[in-house]
Amino acid sequence: MIVLTRRVTEPGSLAETGTVTLDVDSRIKSRLRVTLDDGRDAGLMLARGHLLRGGELLADADGSQVIRVLAAPETVSTVRCADPHLLARAAYHLGNRHVPLQIEPGLLRYQHDYVLDDMLRGLGLTVETELAPFEPEAGAYQSAPHSHSHSHGNDHPFVRLPAHS
């Protein structure tokens, strides 16, 4: 099994030897057994506190295996809106619920949840359910100790709402 132990920020002469496609729930973990896209087994043994992003490179200790991380398409809710005030209100209400959120100009995206969809529709927004890579903001939790006073009861950087079917 390939053991990926480090992030590669400057590939230099290292050649990419494979890819791994992971959803966001897998990309927040620092210890994980994965199957590379070519079928090989690998393990992640990375420093904690870093969300893997689509496009990042990981390597084994000697650099003989360099694997590119791909963000898997997953079921998400997407809000597109040209009104920055309305989009800011939506981001406020989602953030108040500790929802991991992808923020782009004119767009908010989160893991699909029909209750949240209904809340945003109530604000006058249109919400679409789609299959897309999810790249949430890392926010204050990325590579930093969790420092505000209330506890989430989790050791990963996001608090997830229970899934609704």
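Whatever comes next refers back to the structure up there.
Rules used throughout
Residues numbered from 1 in each chain as written. Predicted model: local features only at pLDDT ≥ 70, side-chain atom pairs only at ≥ 80, totals over all residues. Heavy atoms only, no water. Helix = DSSP H or I, 4+ residues; strand = E, 2+ residues; numbered from the N terminus. Buried < 20%, exposed > 50% of the residue type's maximum accessible area, 1.4 Å probe, protein only. Contact = heavy atoms within 4.5 Å. Polar contact = N/O pair within 3.5 Å; in protein donor to acceptor, adjacent residues only side chain to side chain. Core = buried A, V, L, I, M, F, W, Y, C linked by side-chain atoms within 4.5 Å. Pairing = 2+ DSSP bridges. Axes fitted to C-alpha atoms, helices over the stretch in contact; angles between N-to-C directions.

1. Description of the overall build of the protein chain
And step 1. For the protein chain, the helix and strand inventory stands at 3 helices and 11 strands.
And step 2. The linear arrangement of helices and strands in the protein chain, starting from the amino end, is β-β-β-α-β-β-β-β-β-α-β-β-α-β.
And step 3. Counting across all 165 residues of the protein chain, residues that qualify as buried make up 37%.
And step 4. Expressed as a percentage of contacts within the protein chain between residues at least 6 apart in sequence, the contacts between residues at least 24 apart total 67%.

2. Considering the side chain of Glu 56
And step 1. Inspection of the secondary structure assignment puts Glu 56 in the loop between β5 (41-45) and β6 (57-59).
And step 2. Judged by relative accessible area, which is 17%, Glu 56 ranks as buried.
And step 3. Within the structure, the side chain of Glu 56 is placed 3.2 Å from the side chain of His 50, a separation counted as a polar contact.
And step 4. What Glu 56 contacts, discounting residues up to four positions off in sequence, is Arg 7, His 50, Leu 51, Ile 67, Arg 68 and Val 69.

3. Things to note about the nonpolar core
And step 1. If you look at the biggest cluster of nonpolar residues, it comprises 15 residues, and the most contacted ones within it are Val 79, Leu 94, Leu 108, Tyr 110, Leu 120 and Leu 125.
And step 2. Looking at this core element by element, the count peaks at 4 residues for helix α2 (residues 84-95).
And step 3. In this structure Tyr 110 touches Val 76, Ser 77, Val 79, Leu 94, Val 99, Pro 100, Leu 101, Leu 116, Asp 117, Leu 120, Val 127 and Phe 134, once residues within four positions along its chain are discounted.
And step 4. In terms of nonpolar packing, the next biggest core, distinct from the first, is built from 13 residues, Ile 2, Leu 22, Val 34 and Leu 36 among them.

4. Quick notes on the sheet that holds strand β7 (residues 66-71)
And step 1. Overall, mixed pairing links the 4 strands, which are arranged β2-β6-β7-β3 in an open sheet. Looking at the sheet topology across the chains shown, the edges are occupied by β2 (6-8) and β3 (18-22). Neighbouring strand axes in the sheet, compared pairwise and without regard to direction, differ in orientation by 40 degrees on average.
And step 2. Relative to β6, β2 runs antiparallel, the two sharing 3 bridges. Of the residues in β6, the one forming a bridge with Arg 7 is Leu 58.

5. Section: unusual backbone geometry
And step 1. You will see that His 98, though not glycine, has its phi angle at about 55 degrees, which is positive.
And step 2. The topology assignment puts His 98 in the loop between α2 and β9 (102-104).
And step 3. The exposure class assigned to His 98 is partly exposed, which follows from its relative accessible area of 32%.

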